[in-house]
Amino acid sequence: MQLAKNGLGTTYPNPLVGSVIVYNDRIIGEGWHHKAGEPHAEVNAINSVKDESLLKKATIYVSLEPCSHYGKTPPCSDLIVSKGIKRVVIGTIDPFAKVAGRGIKKLMEAGCDVQVGILEKQCKELNQRFFTFHQEKRPYIILKWAQTANGYIAPNVQEKREPVWISNSYSKQLVHKWRSEEESILVGTATAIEDNPNLNTRLWQGSDPVRVVIDRNLKIPKESALLDGSIKTIVFTEKNKVLENEKLIFEQLNFSENLPAQICEKLYQHQLQSVIIEGGAKTLQHFINAKLWDEARIFTGSAEFKNGIKAPNFSGKLKTKKAILNDTLKTYRND
């Protein structure tokens, strides 16, 4: 699982997978899946073994069921069988329709001793984005905001089109790291207009997420950073489809219906496995009220506002709490 996490943000649309090969209680090979289209974890682990003759007496551990189909790479289950590895320990079954138990079946039919469901809960949590996407037909949803010590998310009035920072620079950099790990990031109209955000990863090395913005009446100025064409951007509006290109896509929604559910359906159609919802308060509250969120990451800074826009109202199970200098970061799960 530790190896698998090295691929967070680079393996989409594939899951995170790690693999270790053990002979006589000693690790002789290890690997993880680096990027879609490149060798899978099991291949990298097998290729790292210096003495291939040991494979026939070794055990291969893999966090997710080895694939059984031809995609951009050959089936890993076939490779395991061809190398004569007789014992296979698997964290969890792959929910992807083209695998879903077929890899395990193929290994067992070839005479392998297969164990499934080792640290299964942790292995599923490792790939919560992949599992949510394939089983619930929607992206994994992360809510994120920063609030003052007295519970405000923003001041009432802003004179300039730029963000008002509540959290410190280290927290800000961490947010950019998160962006590099997820497939998309969403804001509402007010945030787009008032803050003019870039929603990129300029403070961290990694891929920029697809930008998503709700703009019912197409009020966001054309010169806004979100519409500059530098990053793929999806605009949700009730207007008829307007001029678009490869980087700027307009999707028409019915704003009188369940908007969060419609957004999830469209993001699923765009094959986006995860989304960070960055604001504002109204947009965040819509998803909370619709019970469409999986994780909430909340920074609380030391500053206070005399008045302003209150932070969203929600309840969740506290998962982690840590200090980032004078900021407190709490992570919640929607159980």
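Residues numbered from 1 in each chain as written. Predicted model: local features only at pLDDT ≥ 70, side-chain atom pairs only at ≥ 80, totals over all residues. Heavy atoms only, no water.

Side note on the domain arrangement of the protein
Alright, step 1. For the protein, the assigned domains are domain 1 (1–129) and domain 2 (137–333).
Alright, step 2. Computed from C-alpha atoms alone, the centre-to-centre distance between domain 1 and domain 2 is 35 Å.
Alright, step 3. At the interface, seven residues of domain 1 touch twelve residues of domain 2.
Alright, step 4. Both sides of the domain 1 and domain 2 interface together cover about 860 Å² of buried area, and 42% of this is carbon and sulfur.
Alright, step 5. It is Y12, Q128 and R129 in domain 1 that bury the most area against domain 2; as a group they hold 65% of the surface buried on that side.
Alright, step 6. Where domain 1 touches domain 2, the interface holds three salt bridges.
Alright, step 7. One salt bridge in this structure joins E125 and K319, with 3.5 Å as the shortest N-O distance.
Alright, step 8. At the boundary of domain 1 and domain 2, one finds five residue pairs in polar contact (both at pLDDT 80 or more).
Alright, step 9. Split into classes, the residues belonging to the side of domain 1 that touches domain 2 amount to three nonpolar, two polar and two charged. (Domains from an automatic or database assignment. Contact = heavy atoms within 4.5 Å. Buried area = accessible area lost by both parts, 1.4 Å probe. Salt bridge = Lys/Arg side-chain N within 4 Å of Asp/Glu carboxyl O. Polar contact = N/O pair within 3.5 Å; in protein donor to acceptor, adjacent residues only side chain to side chain. Nonpolar A, V, L, I, M, F, W, Y, C, P; charged D, E, K, R; others polar.)

Observations regarding the UniProt feature "binding site: NADP(+)" (unreviewed entry) in the protein
Alright, step 1. Per the UniProt annotation, the sites labelled "binding site: NADP(+)" (unreviewed entry) are A146, W165, T191, D195 and L199.
Alright, step 2. Take T191: it is sitting in helix α7 (residues 189–195).
Alright, step 3. The residues touching T191, leaving out its near neighbours within four places in the chain, are N196, P197, G279 and G280.
Alright, step 4. The residue D195 is located in helix α7 in this model. (UniProt positions renumbered as here; feature names shortened; annotations may be inferred. Helix = DSSP H or I, 4+ residues; strand = E, 2+ residues; numbered from the N terminus.)

Regarding the sheet that holds strand β12 (residues 274–279)
Alright, step 1. If you trace the nine strands from one edge of the open sheet to the other, you get β11-β10-β9-β8-β12-β6-β13-β16-β15, paired in mixed fashion. The sheet is open, and its two edges are formed by β11 (248–252) and β15 (317–324), each paired on a single side. When the angles between neighbouring strand axes are averaged without regard to direction, this sheet yields 20°.
Alright, step 2. Two strands pair when backbone bridges link them, and strand β8 (residues 184–187) and β12 are joined in this way by four bridges, in the parallel orientation. Looking at the pairing, V187 lines up with G279 of β12.
Alright, step 3. Seen against the sheet, helix α5 (residues 128–136) touches β6 (140–147), β12, β13 (295–300) and β16 (327–333) and runs at an angle of roughly 125° to β6.
Alright, step 4. Of the strands in this sheet, β6, β8, β9 (210–214) and β12 are in contact with helix α9 (residues 281–289), which crosses β6 at around 135°. (Pairing = 2+ DSSP bridges. Axes fitted to C-alpha atoms, helices over the stretch in contact; angles between N-to-C directions.)

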